[in-house]
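Structure at a glance
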Amino acid sequence: MEKMEVIFMPGILFLFVAWGIWIIATFILDKNDPFRFPAAIVSLMLIILHTKSFAIYSFHIGASSFLLLFSAYWLVYQGTWLKKIYLFFSVMIIMFGYAGFYLLELYDPVWVLVDRKILLSGGLFMIGWVLYPASLLYRYAAVVIGSLHGEVFLSVFLSKWKIPYTIGSNEYLDVFALTVSALLTVHAAGRILFAAKRSLEGKVKGKKQMVH
């Protein structure tokens, strides 16, 4: 069976999503929304940094990965110790799942019948949702921290065989963009459905009161 793969220039999906978030945060979100300015500035900085990378010893690191890690840790640093312990184990699960998928594909790519970006983003989305069904912020933080630590694990592991691997490359950013798009889309759909349900319940109660 042929592998189904959608070919895009690495990083183009990320740029599309990042520009979309910047436009929404800058022109659409309420000015009093506490996440409006952070979302706008982070997305703009990610767009600027996505082509930059640097080397630490023999490891190549995408500049955007540091900003993503900082944003994820910033969102959860005020949490309780219990939440931080749970986050630690969540990150471990995501990290080993992410790295394991890549290594399994490297060992036997035949079984990967769909584009790896779609599979990886779908897997990250589902694991994040299972681990944090009620918190979008922690879901985002766990996915970012876990996947980027998975990138570090892969880089260290592959360096033993002299296989070059860039941590937080444009390919990773595409996976990140697809995952975040899915998280935000489902979250927004849930908010819309909840608001519609509340509105419908209010109309039903109003009609009952008029009848009585």
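Here is a short report on the structure shown in this document. (Residues numbered from 1 in each chain as written. Predicted model: local features only at pLDDT ≥ 70, side-chain atom pairs only at ≥ 80, totals over all residues. Heavy atoms only, no water.)

**Let's talk about the layout of surface pockets**
- Volume-wise, the largest pocket comes out at about 1,200 Å³.
- Contributing to the lining of the largest pocket are 41 residues, with I21, F35, A39, L136 and L184 lying nearest its centre.
- Breaking the lining of the largest pocket down by element, the ones donating at least two residues are α1 (12-28), α2 (36-49), α3 (63-76), α6 (136-159) and α7 (170-211).
- The element contributing the most residues to the lining of the largest pocket is α7, with eleven residues.
- Class assignment for the residues of the lining of the largest pocket results in 31 nonpolar, seven polar and three charged. (1 Å grid on protein atoms, 1.4 Å probe; cavity = no way out; pocket = protein on both sides within 12 Å on 5 of 7 lines; lining within 4 Å. Points joined across faces, edges and corners; volume = space filled by probe spheres on them. Helix = DSSP H or I, 4+ residues; strand = E, 2+ residues; numbered from the N terminus. Nonpolar A, V, L, I, M, F, W, Y, C, P; charged D, E, K, R; others polar.)

**Brief notes about α2**
- For α2, which comprises 14 residues, the first-to-last C-alpha distance of 20 Å matches the rise-based estimate of 20 Å (1.5 Å per residue) to within 8%.
- Where α2 is buried, its residues touch α1 and α3. (Expected span 1.5 Å × (residues − 1). Contact = heavy atoms within 4.5 Å.)

**Some words on a nonpolar patch on the surface**
- Taken together, the side chains of W19, I23, I24, F27, I28 and L29 make up a nonpolar region of the molecular surface, amounting to roughly 600 Å² of accessible area.
- Take I23: it is sitting in helix α1.
- For I23, a relative accessible area of 41% puts it in the partly exposed group. (Patch = residues over 30% accessible without salt bridge, like charges linked within 9 Å, V, L, I, M, F, W, Y side chains within 5 Å. Areas by Shrake-Rupley, 256 points an atom, 1.4 Å probe, with all protein chains shown as cover. Salt bridge = Lys/Arg side-chain N within 4 Å of Asp/Glu carboxyl O. Buried < 20%, exposed > 50% of the residue type's maximum accessible area, 1.4 Å probe, protein only.)

**Some remarks on the sheet that holds strand β3 (residues 166-167)**
- Reading across the sheet, the three strands line up as β1-β2-β3 and stay open at both edges, with mixed pairing between neighbours. Edge positions in the sheet fall to β1 (53-56) and β3, since each has one partner strand and no second.
- Where strand β2 (residues 59-62) and β3 come together, two bridges link them in parallel fashion. Bridge assignment links H60 to a residue of β3, and that residue is T166.
- Against the sheet, α3 touches β1, β2 and β3, its axis set at about 60 degrees to β2. (Pairing = 2+ DSSP bridges. Axes fitted to C-alpha atoms, helices over the stretch in contact; angles between N-to-C directions.)

**Topic: the environment of V156**
- With respect to the helices and strands, V156 occurs in helix α6.
- On the basis of relative accessible area, V156 is assigned to the partly exposed category, the value being 38%.
- A C-alpha to C-alpha distance of 9.6 Å links V156 and S58, two positions 98 residues apart in sequence.

**Section: unusual backbone geometry**
- With a phi close to 60 degrees, Y57 is a non-glycine residue in the positive phi region.
- With respect to the helices and strands, Y57 occurs in the loop between β1 and β2.
- Residue Y57 is classed as exposed on the basis of its relative accessible area of 82%.

**Some details on the pattern of salt bridges**
- In the structure shown here, the tally under the stated rule is three salt bridges.
- For R116, the salt bridge is made with E171, and the minimal N-O distance between the two is 3.8 Å. Residue R116 is found in helix α5 (residues 116-131), and its partner E171 is found in helix α7; the two are separated by 55 residues along the sequence.
- Overall, the relative accessible area of 39% leaves E171 in the partly exposed class.
- The closest approach of N and O atoms between D174 and K117, which form a salt bridge, is 2.9 Å. On the criterion of sequence distance, the pair formed by D174 in helix α7 and K117 in helix α5 is long-range, its members being 57 residues apart.
- Exposure remark for D174: the relative accessible area of 0% places this residue in the buried category.
- Among the residues examined, K117 registers a relative accessible area of 11% and is labelled buried.
- One salt-bridge network, in which partners are shared between bridges, spans E105, R116 and E171.

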